[in-house]
2 protein chains.
Amino acid sequence: MTVLDQTGKRRLVPSATALPDPFAVRDEVDAILADFLAKRARAAPGPEMTPLFTTLSGLLDGGKRLRAHLCVAGWYAGGGCGDRDLILRVAASLELFHAFALIHDDVMDGSDLRRGRPTAHHALAAAYVADGGPPHRATAHGQAAGLLLGDLVLTLSDDLIHTGPGAEAMWRIRPLLETMRSQLVYGQYLDLLSTGRPCDDVEAALRIVRYKTASYTVEWPLRIGAALVGAGPGVHSACSEFAIPLGEAFQLRDDLLGVFGDPAKTGKPVDDDIREGKATVLMALALQPASATDRQLLREAVGNPDLTGEDFGRVRDVIERSGAHRQVETMITARRHAALTVLDQAPFPFLAAEALREIAGTATVRQS
Amino acid sequence: MTVLDQTGKRRLVPSATALPDPFAVRDEVDAILADFLAKRARAAPGPEMTPLFTTLSGLLDGGKRLRAHLCVAGWYAGGGCGDRDLILRVAASLELFHAFALIHDDVMDGSDLRRGRPTAHHALAAAYVADGGPPHRATAHGQAAGLLLGDLVLTLSDDLIHTGPGAEAMWRIRPLLETMRSQLVYGQYLDLLSTGRPCDDVEAALRIVRYKTASYTVEWPLRIGAALVGAGPGVHSACSEFAIPLGEAFQLRDDLLGVFGDPAKTGKPVDDDIREGKATVLMALALQPASATDRQLLREAVGNPDLTGEDFGRVRDVIERSGAHRQVETMITARRHAALTVLDQAPFPFLAAEALREIAGTATVRQS
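These numbers come from a predicted model, not from an experiment. (Residues numbered from 1 in each chain as written. Chains lettered and ligands numbered in written order. Predicted model: local features only at pLDDT ≥ 70, side-chain atom pairs only at ≥ 80, totals over all residues.)

Asks: I tried to follow the overall build of chain A on my own but got confused; where do I start?
Replies: Assigned secondary structure in chain A consists of 16 helices and four strands. In terms of overall size, chain A behaves like a compact globule, its C-alpha atoms giving a radius of gyration of 21 Å where 368 residues would be expected to give roughly 21 Å. Counting only C-alpha atoms, chain A reaches 65 × 60 × 35 Å along its principal axes. Residue burial in chain A is summarised as follows: out of 368 residues, 53% are buried. Restricting to contacts in chain A with at least 6 residues of sequence separation, those with at least 24 account for 76%. (Helix = DSSP H or I, 4+ residues; strand = E, 2+ residues; numbered from the N terminus. Rg over C-alpha atoms; globule rule 2.2 N^0.38 Å. Buried ≥ 20, exposed ≤ 12 C-beta atoms within 10 Å, placed from the backbone. Contact = placed C-beta atoms within 7 Å.)

So this is what it looks like as C-alpha cells:
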C-alpha cells in the first residue's frame, strides 16, 4: 500500500500480514484525509473556496488523532484483521467529525487559539481581509464563515465515512453514528446552559462531560470500530465499560489543563475555560468548600470576558486552596484504573487490549 | 388512457387510482415530521433539551413545503407509483435540511424574523431568559444555541432520510445528497464573500443564486425523488433542465420580495436584504445604470445595520428608477417559461408534469 508521508511524499508501506501495528494509525489516517480533502477542494466551485480548505488543513495539522486510534483499536477489539483500509477511512472521518465540533465550539466560545494557531473563524477573517474584504466586516465575516466551515466539515465527515464500508456495513453502524452526533449536540447545549453559571453540583458537571466529550471522544469511536467487524454484545458492553470512565478522565484532564496547563503545549490560552465561563467539575469542587468571599470571586470571574491576568491568578489560588486540583487528579486516576480493570476481563484480542491500555495512558496523563 | 395536454399533444395517462394526488403532500409530510421529532424529543437526555425541539416545531409550522413537493413530484416524474410512504419520509427530511439552512442563515445574518416569528436564535435566547438565564448573556446564548440547533437539525435530517428507503436505495441517492449539501455551503460562502460589497455583475450574482438556492431548493429535491425510483439519465437531465431556470426564478422572486414584499405575507422585515447587505441580481441591475450619486447611496445603504426607514425608502426609489424591478420580473418570466417548455418535452408521466407545472407557478408568482 502507498501512503503520503508527513512531508507529502509517497512511500510504500508493507501490507499487513496477521495483526498490523495498532499504534501506527496517524500517518495512514492523515494520508486519507489529505487525499480526500484535495479531491473535494478540486471539485469545489472556484478559487473563492480555498480559504475553507486551507483553514481546515491548518486545523488538521495538529491534534492527537485519539478518536481515530480508538476506532481502529475498536476494530481490533472486535476481532478485525487483514486489510484495514476501510476502518482507516472510518477513523479518518471521525477526525473530521471532531474538527467540525472544534470549529463550531470555537465560534460559540469566541476562542482565539486552537492547537497553537488562530481558530478557524479567526483564520477565515484574516483570509477575507487579505483578499480585499473590508476590515470592519472581518469579525462578523469570520464568525459566519466559521459556522459554514463547520457545516461543510460535518457533511465531509459523513461523505468520507461512506467511501469506506459498503452499504450493508454502513447500515450496521448507523445507529451508533446517530447517537454520537446527537449526544455531542446535547452535551454542547447542556454546556451552554451552564456557561457563566458555575455551581457546586459535581454530578451535573459530570453529566455534561459524559454527553459533551466522553461519548464522542471514546465510546462511539471504539464501538463504531467494533461494529464494523460485526462484534457481538459482549464486545460492545466491554467497550462501553472501558470507554465511559476513560472519556470522563479525558475531559477531567482537559479541565485541569484548561486552568493549569502550559499554553505552549495545550496550544490555547490558559485562562480560556475561566473566561468562557465553563461550569467544570474542577469549578464545582472548588466552589464546595469555598468561603463566601471566594465563592463571590469565582462567580464573578467565571465567564468574565474582561478577566485580567491578576483576576485569573486569584481564581487559580482559590482552586488550589480548595483542594479541587488534587481531587480532580484523584478522580482521573480512579477512572483510568476502572478503565484498565475492564481491559483485564474484556473479550478483546491481546494486542487490542494492549493498544487500549496505551491509549488510556496517553489520554489521561497528557500535557496537551 | 390518452388525453390531450395543454399544448394539444397526446399523452398517456395512468389510471387515477394508480397515481395518487401529488398535490396533497403537506399533511402527510407534516405528520411524519411531528411523529419523528416527538420520538427524538422523548429520547433526548432531559427537559433541558425542550427549547431545541419547541423552537424547531415553531419554525416548521410555517413554510411552503416546496422541497417536499418537488421531491414527491420527482418520484412521480421518474415513474413512481403505489405506496409512497418512503418517498414522503425522504421529502420530510428535505424539509428538515431546509430548516437547518434557515436556522444557520438567520444566525449568520443576525435576522430577527422568519416565517412571521422570532428567528430560532431569538426564540432560544427568550427561552433561556424565561428559564432563569441571566439577561446579559441572552444574545450570546441565543447565537450559540441557534448554531447548535442548526447542527442538530442537519443530523436529524440525515437520520430521518434513513428511516425511509433501505440501504440499497440510500446508496443510490447518496451522491445527490452529497452534492446538495456541499453546494448549499459553497453558495452560502459565496453569498457571504459578497455581503456588503454589491457590484453590478449580474452573472456573479446569478452564480450565487445557483449554488445558494436553486440547487437545494429545486434541482436536488426533484432528482432525489427521481433517483429513488431508479429513473434513467433522460429523466434526470429533464429534471435538471426544468429545475435550474425554476430555481433561479424562485430566488429572483425572493430578491424582489426582499425589497418590495409585504412583511405581513413574507413573515420578515422588508428591509432585511438591504440591511444584511445581500449582493442580489436586483442590486446588480440597479447599480448598472445608476448615477454616481445613486451608486454612492446604494453602496452606503447595502449592509448598513443602522439603516433607517428613510434610507430604505431612498434605496427603493433608486431601484425603481433604474428599471431593475421590471428587469427582474422579465427574468423570472423568461425562466418560468423555459422551465415550462422543458415539461412539454420531458419524459414524465402526464400527472407528474402537471404537478410540476403547478409548482412552477406557485414558486415564481408567490407573495411569501
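Here the narrative resumes.
Asks: Honestly, the interface of chain B and chain A in this entry has me stumped. Any pointers?
Replies: Where interface size is quoted, it is often the accessible area lost as the parts come together. Across the contact, 38 residues belong to chain B and 38 residues belong to chain A. Mapped onto the side of chain B that touches chain A, the elements with two or more residues apiece are helix H4 (85-109), helix H6 (138-161) and helix H7 (167-194) of chain B. Among the residues making up the side of chain B that touches chain A, the classes are represented as 22 nonpolar, seven polar and nine charged. (Nonpolar A, V, L, I, M, F, W, Y, C, P; charged D, E, K, R; others polar.)

Asks: What's the story with the relation of the copies chain B and chain A in this structure? I'm lost.
Replies: Note: a rotation about an axis with an accompanying shift along it relates these two copies of the chain. Relative to chain A, chain B is turned by 180 degrees and slid 0.0 Å along the rotation axis, the superposed coordinates differing by an RMSD of 0.0 Å. Between the two chains, the operation in question is that of a two-fold axis. Residues of chain B ranked by C-alpha distance from the rotation axis are headed by alanine 167 of chain B, positioned 2.8 Å from it. Counting the interface residues of chain B, we find that 100% of their copies in chain A are interface residues as well, pointing to one common contact surface. (Least-squares fit on C-alpha atoms with pLDDT ≥ 70 in both.)

Asks: What is the right way to look at the nonpolar core in this model?
Replies: Most often, soluble globular proteins have nonpolar side chains that are buried together. In terms of nonpolar packing, the biggest core is built from 232 residues, with Cys71 and Ala91 of chain A together with Cys71 and Ala91 of chain B touching the most fellow members. With sequence-adjacent residues up to four places away left out, alanine 91 of chain B is seen in contact with Val25, Val29, Ala68, Cys71 and Val72 of chain B. (Core = buried A, V, L, I, M, F, W, Y, C linked by C-beta atoms within 7 Å.)

Asks: Honestly, helix H3 (residues 66-77) of chain B in this entry has me stumped. Any pointers?
Replies: Turn by turn, an α-helix covers 3.6 residues, leaving residues three or four places apart pointing in a common direction. Residue and element names in this part refer to chain B. Relative to the 16 Å expected for 12 residues at 1.5 Å per residue, H3 spans 16 Å between its end C-alpha atoms, a close match to the ideal helical length. Residues of H3 that are buried sit in contact with helix H1 (26-43), H4, helix H8 (202-228), helix H9 (233-260) and helix H16 (350-365). The positive-phi residue at the C-terminal boundary of H3 is glycine 79, with phi of around 100 degrees. (Expected span 1.5 Å × (residues − 1).)

Asks: Before we go on, may I ask you to explain the packing of helix H2 (residues 50-61) of chain A against helix H5 (residues 120-130) of chain A in this structure?
Replies: The packing of two helices is summarised by the inter-axis angle and the distance between the axes. Residues and elements named next belong to chain A. Viewed as axis vectors pointing N to C, H2 and H5 meet at an angle of 140 degrees, and their least axial separation amounts to 10 Å. One finds that H2 runs oblique with respect to H5. Pair H2 / H5 crosses with right-handed handedness. When H2 is examined against H5, the residues Pro51, Thr55, Gly58 and Leu59 are found in contact with a partner set consisting of Ala120, Ala123, Leu124 and Ala127. Grouping the amino acids of the contact of H2 with H5 by side-chain chemistry returns six nonpolar, two polar and no charged. (Axes fitted to C-alpha atoms, helices over the stretch in contact; angles between N-to-C directions. Parallel < 35°, antiparallel > 145°, perpendicular 65-115°, else oblique. Left-handed = near helix turned anticlockwise from the far one by under 90°.)

Asks: Help me out: how do you make sense of the packing of helix H13 (residues 292-301) of chain B against helix H14 (residues 309-322) of chain B in this one?
Replies: Residues and elements named next belong to chain B. One can describe the packing of H13 onto H14 by two numbers: an axis separation of 10 Å at closest approach and a directional angle of 130 degrees. The angle between H13 and H14 falls in the class oblique. Here H13 and H14 pass one another in a crossing that is left-handed. Residues Asp294, Leu297, Leu298 and Ala301 of H13 touch H14, and the partners they reach there are Asp311, Arg314, Val315 and Val318.

Asks: How should the confidence of the model for chain A be read in this particular structure?
Replies: A low pLDDT means the predicted coordinates there should not be read in detail. All names here are of chain A. With 94% of its residues at a pLDDT of 70 or more, chain A shows a mean pLDDT of 91. pLDDT under 50 marks residues 10-19. Its contacts with residues more than four places away, or in other chains, come to 15 contacts. In the predicted assembly, ipTM is 0.93 and pTM is 0.93. (pLDDT = per-residue confidence, 0-100.)

Asks: Sorry, what's going on with unusual backbone geometry here?
Replies: Where the residue is not glycine, phi is negative for most of them; where a peptide bond is considered, it is trans in most cases. Residues and elements named next belong to chain A. The phi dihedral of arginine 65 is positive, around 60 degrees, even though this residue is not glycine. Along the polypeptide, arginine 65 turns up in the loop between H2 and helix H3 (66-77). Given 22 C-beta atoms within 10 Å, arginine 65 falls into the buried group. The backbone of arginine 115 sits at a positive phi, close to 50 degrees, despite the residue not being glycine. When you line up the elements, arginine 115 lands in the loop between strand S3 (113-114) and strand S4 (117-118). Its 17 C-beta neighbours within 10 Å are what place arginine 115 among the partly exposed residues.

Asks: Please explain helix H14 (residues 309-322) of chain A as it appears in this structure.
Replies: Residue and element names in this part refer to chain A. The first and last C-alpha atoms of H14 sit 20 Å apart over 14 residues, in line with the 20 Å expected at 1.5 Å per residue. Among all positions of H14, only Val315, Val318, Ile319 and Ser322 are buried. Projected down its long axis, H14 carries its buried residues within an arc of 100 degrees, all on one side. Pointing more than 90 degrees away from the buried face of H14 are the exposed residues Gly309, Glu310, Gly313 and Asp317. Looking at the residues trailing H14, positive phi occurs at glycine 323, about 85 degrees. (Arc of directions from axis to C-beta.)

Asks: Any chance you could explain the environment of valine 153 of chain B here in plain terms?
Replies: Residue and element names in this part refer to chain B. Relative to the assigned elements, valine 153 resides in helix H6. By C-beta crowding, valine 153 is classed as buried, having 27 other C-beta atoms within 10 Å. Discounting chain neighbours no more than four positions away, the residues touching valine 153 are Leu56, Leu96, Ala99, Phe100 and Ile103.

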